[in-house]
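If you want the building blocks of each chain, they are given just below.
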Amino acid sequence: MAMVPLGLVLTAIGSAIGVQAGGEADPAIALIAIKSPSEIAGNYAGHFAQDSSTPTSSVDLLAYVPPGDAEGCASYPGAVGSPGDFLAVVGSQSCSLAQKVERARAAGAKGIMVVSDTKRVNLDVGDTSFGAEMVIGVPKSLGEVIVARSLAGGAEHLVRMSISIYSPPGLLDVSLLLLVCLATSLIVAGAFFATADLRLGSPIAPKSEEVVEMGKFFPLAFCVVGSVVLVVLYFLMQYLIYVIIFMFCLGGTTQLTELLHKCLRYRFTALQHKLFTVPLLGPIEVAHLIAFPCAVSVALSWVFFRNGDQGWIFQDIIGASFLCFIQRTLRLPNIKLAVALLTLMFFFDIFWVFISPVFFEKSVMVVVATGGGTGESVPMLLRIPAINDPLGRDRMLGFGDIALPGLLISFLRRHDLLSRRSLRSGYFAPAVAGYFVGMCAAFTALFIMKMGQPALLYLVPCTLAPTLVLACARRELGALWQGTPCPSGEGAQVHGSTCSYCPSGHTLKPVLAEAGRCDGCGKSVPSGAQVMDCRQCNWYLCGPCSQKALTIPKPFRSTTPAAPAAASSAPPSSAAPAAAAAG
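Here, residues in each chain are numbered from 1, in the same order as that chain's written sequence. Residues qualify for local features only when their pLDDT is at least 70, as the model is predicted, and side-chain atom pairs are given and counted only at 80 or more; totals for whole chains, interfaces and linings, by contrast, use all residues. To obtain the side-chain values, all non-hydrogen atoms of the structure were used and water was disregarded.

Enquirer: Any chance you could break down the pattern of salt bridges for me, citing the residues and the numbers?
Expert: Two side chains of opposite charge can pair, provided their charged atoms sit close to one another. Salt bridges, as used here, are contacts in which a Lys or Arg side-chain nitrogen is within 4 Å of a carboxyl oxygen on Asp or Glu. Counted under the stated rule, the structure contains 13 salt bridges. With a shortest N-O distance of 2.5 Å, E102 and R105 are connected by a salt bridge. One end of the pair is E102 and the other is R105, both in helix α2 (residues 97-106) and three residues apart, which spans about a single turn. Here's how the labels work: a residue is buried when its accessible area is under 20% of the maximum for its type, exposed when over 50%, partly exposed in between, all with a 1.4 Å probe on protein chains only. When its relative accessible area of 38% is taken as the criterion, E102 is described as partly exposed. Assessed through its relative accessible area of 34%, R105 is described here as partly exposed. With a shortest N-O distance of 2.7 Å, E376 and R306 are connected by a salt bridge. Here the residue E376 occupies a position in the loop between α9 (364-369) and β13 (381-384), and R306 occupies one in the loop between α6 (286-305) and α7 (311-329), the gap between them amounting to 70 residues. In terms of burial, E376 and R306 fall into one category: buried. The numbering of helices and of strands both runs from the N terminus, where a helix is a DSSP run of H or I of at least 4 residues and a strand a run of E of at least 2.

Spelled out as structure tokens, the structure:
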């Protein structure tokens, strides 16, 4: 419960990211392929200045640093090679870009490479009429390496490179397909976590106090909180980016520890031994002492490798655990609230991506998603490394684009189980298919528009609309709207040795009934008859319906003695209190 507010904040930030990836060939991005020296060989990104000349094909050039004036504002005392076969590497201070270009032109350079004084490229200065010369901006880290090598002297230190327009893979990108499949898989896994309480003995089943059922004001509150968070980050990102990184590590460590602890204590009962008690945290078991270091090592590995080639592995591990536990903890009571939440978030994305530049200088969502010029990336996203991309730009998807549709899909899975629906006759499978289609539509729009997309713009219609249309066609919209099992089902879960829960997931208890009707078969129940009852929902099953539910399906039949109550976090079977009552 203590992690719920943190989870909501991270989800709100994650909803700002949308989908990010390389689009079609972008004439503003320069592909700098350094061929020698071998120590720095590789592909790097630069940016062509506005009105800069761009090559129609790859151009081979030498890097040349003007001696005596690294800013390139004075006349060059000499040049390297023939005119047009070198690129002057200059600083970004002291004079205008137009003056730097003029000095390079007089020396016979093909153009200039401007080294930014920050991690970000800044070419928004000076006159932008450059004629036939190329003007390419590079970040400080790359520029300093090129300058150092060029000034080292000797032919072996000359920086030889080719310049071309960056052209990423097309729409049929393997990395994008993997990202879509990963997101869809996490949607399904989240629904599995969300319905763990309907599987007796499940180690990941939440306790009743761990579940937060959303109230009628939750959608509005979430949008307001999300908007406030976005605006604050827009103005203060340079100060808050490391707070976000800390929150991400804290949330990831907590969720991974809990998941590993539950699985370890379930598989190895000896690890359930209690060692000591910590205030506010409760009893500490041997399983905790194994799970916690593993979780911390994953979080610390991400911190150290987050900007490297291996960082995506640890980021996705943390993200997967976070997303599954969000679905496990937060619960939609009915589709009425799901419609309100997803509709508000649909317009939330539209406003903060496309309309916010009217009130702010830039798109608030885009600025926040890209780190606000800090050189760091917001970590609340899934990353898949690029395949066949010359710049190796990761394909990314924000957490909110999985968590928010996942709440709807988890509700539908719970509804199907309580209504005794198969995948073919239920609502879960069509919603998952709609999510997959929505993801494909979002990435298609990404390539057409060549800019990051608010994925909820496509995911909300593709998941919500088919569900509502299908419910109307089956004449079951009323049941979904109120969050009650469909009349065609028997109204109780069957995935266990007893019928233990009402449609809302509350534990049934054996009691002597007041006169009424069974909510399973609809038959009259006389006063004093023993039933399985939920007082909170005023819902009960008569004796025959309870006996039908006691049939154990073969896939779930246990061949080992039941574990003691302390060994599982799942709600206890109602068979035990029933026997006690009978005795």
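Enquirer: Run through the sheet that holds strand β4 (residues 59-64), naming residues and quoting values.
Expert: Two strands pair under a simple rule: DSSP has to find at least two bridges between them. If you trace the seven strands once around the closed barrel, you get β2-β3-β7-β6-β5-β4-β8, paired in mixed fashion. Going across the sheet, the axis of each strand differs from the next one's by a mean of 40 degrees, ignoring polarity. Bridge analysis of strand β2 (residues 29-36) against strand β8 (residues 160-165) gives six bridges, and the strand direction is antiparallel. Directly across from A30, in β8, lies its bridge partner I165. In this description, contact between two residues means that some pair of their heavy atoms is separated by no more than 4.5 Å. Axis lines are fitted to C-alpha atoms, over the contacting stretch for helices. Their N-to-C directions set the angle, which ranges from 0 to 180 degrees. The strands touched by α2 within the sheet are β5 (86-91), β6 (111-115) and β7 (134-138), with β6 carrying the most contacts at an inclination of about 135 degrees. The strands touched by helix α3 (residues 140-151) are β2, β3 (42-48), β4, β5, β6 and β7; relative to β6, the strand with the most contacts, the crossing angle is about 120 degrees.

Enquirer: Describe in detail unusual backbone geometry, supporting the description with residues and values.
Expert: As a rule of thumb, non-glycine residues mostly have phi less than zero, and peptide bonds are mostly trans rather than cis. Backbone torsion omega between S36 and P37 reads -5 degrees, so that peptide bond is classified as cis. Along the chain, P37 falls in the loop between β2 and β3. Positive phi is not limited to glycine here, since L280 has a value of about 75 degrees. As for its position among the elements, L280 is in the loop between β10 (274-278) and β11 (282-285). A positive phi is found at R475, a non-glycine position, where the angle reads about 60 degrees. Looking at the secondary structure, you find R475 in the loop between α12 (456-474) and α13 (477-482).

Enquirer: Describe the confidence of the model for the protein chain, and please don't skip the residues or the numbers.
Expert: Per residue, pLDDT captures the predictor's confidence, and it can take any value from 0 to 100. Looking at the protein chain as a whole, its pLDDT mean stands at 79, while 79% of the residues score no less than 70. The secondary structure element of the protein chain with the lowest average pLDDT is helix α15 (residues 575-582), at 31, and the one with the highest is α6, at 95. Ignoring residues within four places in sequence, the model shows residues 489-498, a span with pLDDT below 50, making 43 contacts including any to other chains. This stretch, residues 549-583, has a pLDDT under 50; its non-local contacts, to residues over four places away or in other chains, come to 47 contacts.

Enquirer: Explain the environment of I40 to me, and be specific about the residues and the numbers.
Expert: Within the secondary structure layout, I40 lies in the loop between β2 and β3. Classification of I40 by relative accessible area gives buried; the value is 9%. Among all residues touching I40, those that are not within four sequence positions of it are I34, V145, R149 and V159.

Enquirer: Can you lay out the packing of aromatic side chains for me, pointing to particular residues and giving the numbers?
Expert: For Phe, Tyr and Trp, where Trp contributes only its six-membered ring, two rings pair if their centres lie within 6.5 Å, and the inter-plane angle classes them as stacked under 30 degrees, edge-to-face over 60, or tilted in between. Applying the stated criterion across every chain yields a total of 16 aromatic pairs. Aromatic side chains F192 and F193 sit 6.4 Å apart centroid to centroid with 70 degrees between the ring planes, which places their arrangement in the edge-to-face category. On the basis of relative accessibility, which here comes to 45%, the residue F192 falls in the partly exposed class. With 5.4 Å between their ring centres and 70 degrees between their planes, Y234 and F360 make a pair best called edge-to-face. Here Y234, found in helix α5 (residues 218-267), pairs with F360, found in the loop between α8 (335-359) and α9; they are 126 residues apart in sequence, far enough to count as distant. Members of the aromatic cluster, connected to one another through ring pairs, are Y234, F235, F351, W352, F359 and F360. Directly above the aromatic system of F428 lies the positively charged group of R413, at a separation of 5.4 Å from the ring centroid. Across the ring face of Y427, the terminal group of R474 is positioned such that the distance to the ring centre comes to 4.8 Å. Any Lys NZ or Arg CZ found within 6 Å of a ring centre and within 35 degrees of that ring's normal is scored as a charge over the ring.

Enquirer: Explain the packing of α8 against α12 residue by residue, including any values.
Expert: Relative orientation of the contacting elements α8 and α12 amounts to 155 degrees, with a least axis distance of 9 Å. The orientation of α8 relative to α12 falls into the category roughly antiparallel. Between α8 and α12 lies a crossing whose hand is left-handed. Contacts between α8 and α12 involve I335, V339, L342, T343, M345, F346, D349, I350 and F354 from the first element and L456, L457, V460, P461, L464, T467 and L468 from the second. In terms of residue class, the contact of α8 with α12 is made up of 13 nonpolar, two polar and one charged. Just so you know how the angles are binned, under 35 degrees is roughly parallel, over 145 roughly antiparallel, 65 to 115 roughly perpendicular, and the rest oblique. Throughout, a crossing is termed right-handed when the near helix is turned clockwise from the far one, and left-handed when it is turned anticlockwise from it by less than a right angle. Residues were grouped as follows: Ala, Val, Leu, Ile, Met, Phe, Trp, Tyr, Cys and Pro as nonpolar; Asp, Glu, Lys and Arg as charged; and all remaining residues, including Gly, as polar.

Enquirer: How would you explain the sheet that holds strand β18 (residues 530-534) if you had to name every residue and give the values?
Expert: The strand order across the open sheet formed by three strands is β15-β18-β19, and the pairing between neighbours is antiparallel. The open sheet terminates on both sides in strands that have one partner only, identified here as β15 (509-512) and β19 (539-541). Recorded for the sheet is a direction-independent mean angle of 45 degrees between the axes of neighbouring strands. Pairing geometry for β18 and β19, over three bridges, is antiparallel. Across the sheet, residue C534 finds its bridge partner in β19, namely W539.

Enquirer: How would you explain α5 if you had to name every residue and give the values?
Expert: For α5, with 50 residues, the first-to-last C-alpha span of 37 Å runs short of the 74 Å given by 1.5 Å per residue. In α5, a bend of some 110 degrees at M237 exceeds every other bend along the element. In a helix, the anticipated span is given by 1.5 Å times the number of residues less one. To get the bend at a residue, fit one axis to the 7 residues ending there and another to the 7 starting there, then take the angle between the axes.

Enquirer: Account for the pairing of β6, with residues named and values stated.
Expert: When you tally the buried positions in β6, you get five out of five residues, the bulk of the element. Both faces of β6 are covered, namely the face carrying G111, M113 and V115 and the face carrying I112 and V114. Here a crossover is taken to be right-handed if, once the strands point away from the viewer, the path from the first strand over the helix to the second is traced clockwise. Following the chain from β5 across α2 to the adjacent parallel β6, one finds a crossover that is right-handed. As defined by bridge partners, β6 adjoins β7 across five bridges and the pair is classed as parallel. Each residue of the ladder has a partner; that of V115, found in β7, is V138.

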